[in-house]
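Chain and residue survey
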Amino acid sequence: MTRVKTFVTLTLLGGLAVVLPIAIFMLLFQWLFGQISEIVAPAVVWLEAHTEFKDTLARLVVIALILGSCFLIGLLVKTSIGHWLHHHVDHWLGRLAPGYSTIKDVVLQFIGGGGEGVLSGPVARVRIHGADNPLAVTAIVTSQHANGDMTVYVPTAPVPTSGFVFHVPAECVEILPGVTVEAAMKTIVACGAGSANLLALPAKPSEKGKGRD
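An account of the accompanying structure is given in this report. Computed from a predicted model, the values in this text were never measured in an experiment.

A closer look at the overall build of the protein
For the protein, the count of helices and strands is seven helices and six strands. From first element to last, N terminus to C terminus, the protein shows the α and β order α-α-α-α-α-β-β-β-β-β-α-α-β. Scored against the burial criterion, the 213 residues of the protein give a buried share of 23%. Across the protein, the fraction of contacts at a sequence separation of at least 24, relative to all contacts at a separation of at least 6, is 45%. As displayed, the protein has an accessible area near 14,400 Å², and 69% of this comes from carbon and sulfur atoms.

Now the structure itself:
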């Protein structure tokens, strides 16, 4: 009887281990689709009123049109005129909307676009409560001061477009030269998953790192 109970329990747990991740993923996808549906709702209403597309199909058509538009814009910015327009629009948005540059840098780093914006500094492990406190956070060095202190940006998980700015002494900062901003962002979006491999890379004293002026 004990063997049967153990067999049933292990089999049930094995099934849950397969089904639950899929179910959670589907719920997250449904939530994301709902959020996108709210954003594109005006376009969906117009499409339903002027075409034969209805409800979910109309939403999918609108999303497909948005993705197609992104593709066309990507083609446009590859041209000299498109690159010029993008450069100037980017410049003015950065001046008029202070948060735009940070959001842009996070997106570029996450999709592997690189860049040289405010988040192009070195990745570091920072002890925000003092060098003797074991608590540490993953951060990006955004500025290095004349007295050796550093300003770091600590993204929040799982949305790294928001975060905290700390001004810390150099001894609280360990630069991680082998870690790219893209890799660090991916662990933040994943709520810390993969950090073991990230932090296993050798660090170096902050005095040798080069922050942004």
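Past the structure itself, the notes keep going.
Focus: helix α1 (residues 2-39)
The α-helix winds at 3.6 residues per turn, so residues separated by three or four positions along the chain end up facing the same way. Its 38 residues place the ends of α1 55 Å apart at the C-alpha level, agreeing with the 56 Å of an ideal helix rising 1.5 Å per residue. Considering bend angle alone, the principal kink of α1 is centred on Val 19 and spans about 25 degrees; proline Pro 21 follows within four residues of it.

Some remarks on the nonpolar core
Among the nonpolar cores identified, the biggest contains 11 residues, and these are Ala 124, Val 126, Ala 139, Val 141, Met 150, Val 152, Val 154, Val 168, Cys 172, Val 173 and Ile 175. Elements with a minimum of two residues in this core: β1 (123-126), β2 (137-144), β3 (150-155) and β5 (173-175). Here this core takes three residues from β3, the largest share from any one element. If near-sequence neighbours (up to four positions away) are discounted, Val 154 is found in contact with Val 137, Thr 138, Ala 139, Gly 163, Phe 164 and Phe 166. Ile 140, Leu 176, Ile 188 and Leu 198 belong to the second largest nonpolar core, which has nine residues in total.

Examining the environment of Thr 161
For Thr 161, the position within the fold is in the loop between β3 and β4 (163-168). Thr 161 sits in the partly exposed class, given a relative accessible area of 32%. Remark: the alpha-carbon pair of Thr 161 and Met 185, spanning 24 residues in sequence, is separated by 9.9 Å.

Considering the packing of aromatic side chains
What describes a pair of aromatic rings is the distance from one ring centre to the other and the angle between the planes of the rings. Applying the stated criterion to the full structure yields one aromatic pair. Each ring, one from Phe 164 and one from Phe 166, has its centre 6.4 Å from the other, and the planes form 40 degrees; the classification is tilted.

So, the environment of Gly 130
For Gly 130, the position within the fold is in the loop between β1 and β2. A relative accessible area of 22% places Gly 130 in the partly exposed class. It is 8.4 Å that separates the C-alpha atoms of Gly 130 and Glu 171, two residues lying 41 residues apart in sequence.

Notes on the pairing of β3
Counting buried positions along β3 gives six out of six residues, so the element sits mostly inside the fold. Burial of the side chains of β3 extends over both faces: Met 150, Val 152 and Val 154 are buried on one face and Thr 151, Tyr 153 and Pro 155 on the other. Hairpin remark: β2 followed by β3, antiparallel, with five residues in the connecting loop; positive phi at Gly 148, about 100 degrees. In this structure, β3 lies alongside β4, joined through six bridges in antiparallel fashion. Counterpart to Pro 155 in the pairing with β4 is Gly 163.

Regarding the pairing of β1
Across the two faces of β1 the burial is the same, with Val 123 and Arg 125 and Ala 124 and Val 126 all buried. Of the strand pairs in this sheet, β1 and β5 are connected by three bridges, and their pairing is antiparallel. Following the sheet pairing, Val 126 is matched in β5 by Val 173.

Parameters at a glance
- Residues numbered from 1 in each chain as written.
- Predicted model: local features only at pLDDT ≥ 70, side-chain atom pairs only at ≥ 80, totals over all residues.
- Heavy atoms only, no water.
- Helix = DSSP H or I, 4+ residues; strand = E, 2+ residues; numbered from the N terminus.
- Buried < 20%, exposed > 50% of the residue type's maximum accessible area, 1.4 Å probe, protein only.
- Contact = heavy atoms within 4.5 Å.
- Areas by Shrake-Rupley, 256 points an atom, 1.4 Å probe, with all protein chains shown as cover.
- Expected span 1.5 Å × (residues − 1).
- Bend = angle between axes of the 7 residues up to and from the residue.
- Core = buried A, V, L, I, M, F, W, Y, C linked by side-chain atoms within 4.5 Å.
- Phe/Tyr/Trp six-rings, centres within 6.5 Å; stacked < 30°, edge-to-face > 60°.
- Pairing = 2+ DSSP bridges.

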